[in-house]
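# Structural overview
Listed below are the residues making up each chain.
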Amino acid sequence: NHDPLTRLYNRRYLVNQVNEWICKPEKSFWIVLMDVDDFKAVNDTYGHDAGDEVLKAVAELFMDKMKTYGRVCRWGGEEVLFDDREQVLHSFRNIQEGLRRYSQNTRQMDITISGGMERYEADKQLDLLFTSVDRKLYTAKNNGKNRIVE
């Protein structure tokens, strides 16, 4: 149930968790997709080992800043399930600050993330929800990066 590199929950866990939550008619939650900005450039410039270290550092920040608020999973980038919108925004700001400090400490690269988020409510088709959230992630990236779009 865990990604071997980042130790985050994997895609299988995410799908099972979402399916469990959508079976509860009263349950609504936020799905957030976050992705390291310009990650290919990190791999191309510093090598894949450095890229792996960045992914581990980002995953550690995610787990630290979000562990009490939601579930953090790795699908492609980092995917997160939350109960509350304000928790999403608060955690995103904390992760941005953590990445700023990480970037200062490495003195090599500025690491930022972008995200898209949307609320799941009963009767929404899950595949359309993920498509919509993915579009919002790319809107964030196309509008300057280092931001979240809802």
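Please refer to the structure higher up on the page.
Residues numbered from 1 in each chain as written. Predicted model: local features only at pLDDT ≥ 70, side-chain atom pairs only at ≥ 80, totals over all residues. Heavy atoms only, no water.

### Re helix H4 (residues 85–106)
To keep it simple, the criterion reads: Numbering of helices and strands starts at the N terminus; helices are DSSP runs of H or I of at least 4 residues and strands are runs of E of at least 2. In this scheme, a helix's expected span is set at 1.5 Å multiplied by one less than its residue total. Relative accessibility decides the category of a residue: with a 1.4 Å probe and only protein chains considered, values under 20% of the type maximum give buried, values over 50% give exposed, and everything between is partly exposed.
The end-to-end C-alpha distance of H4 is 32 Å, a good match for the 32 Å that 22 residues give at a rise of 1.5 Å each. Among all positions of H4, only Val88, Leu89, Ser91, Phe92, Ile95, Gly98, Leu99 and Ser103 are buried. Looking at the residues trailing H4, positive phi occurs at Arg107, about 55°.

### Re the side chain of Asp3
For clarity, the threshold we go by: Residues are treated as being in contact if the distance between any of their heavy atoms lies within 4.5 Å.
Structurally, the position occupied by Asp3 is in the segment before helix H1 (11–22). If sequence neighbours within four positions are ignored, Asp3 has contacts with Leu8, Tyr9, Asn10 and Arg74.

### A word on the pairing of strand S1 (residues 29–36)
What counts, and what does not: Paired strands, as defined in this entry, are two strands with at least two bridges between them according to DSSP.
Burial of S1 is extensive: 7 of the 8 residues sit out of reach of the surface. Pairing of S1 with strand S4 (residues 113–120), which is carried by 8 bridges, proceeds in the antiparallel orientation. Residue pairing in the sheet places Ile31 in a bridge with Glu118 of S4.

### Some details on the environment of Leu61
Examined against the element boundaries, Leu61 turns out to sit in helix H3 (residues 48–66). Measuring from C-alpha to C-alpha, the distance between Leu61 and Gly47 comes to 21 Å, with 14 residues separating the pair along the chain. Apart from residues lying up to four places away in sequence, Leu61 is in contact with Ile95, Gly98 and Leu99.

### Side note on H1
Note the cut-off: To be clear, the arc concerns the directions from the helix axis to the C-beta atoms. Two N or O atoms count as a polar contact when they lie within 3.5 Å, although within protein this holds only if one can serve as hydrogen donor and the other as acceptor, and sequence-adjacent residues are included solely when both atoms are side-chain atoms.
If you check H1, its first and last C-alpha atoms are 16 Å apart, about what 12 residues at 1.5 Å a residue would give, namely 16 Å. Buried within H1 are the following residues: Tyr13, Leu14, Gln17, Val18 and Trp21. Down the axis, H1 shows its buried residues gathered within 130° of arc, on one side only. Near the N-terminus of H1, the side chain that reaches the backbone nitrogen of Arg12, with its oxygen 3.2 Å away, is that of Asn10.

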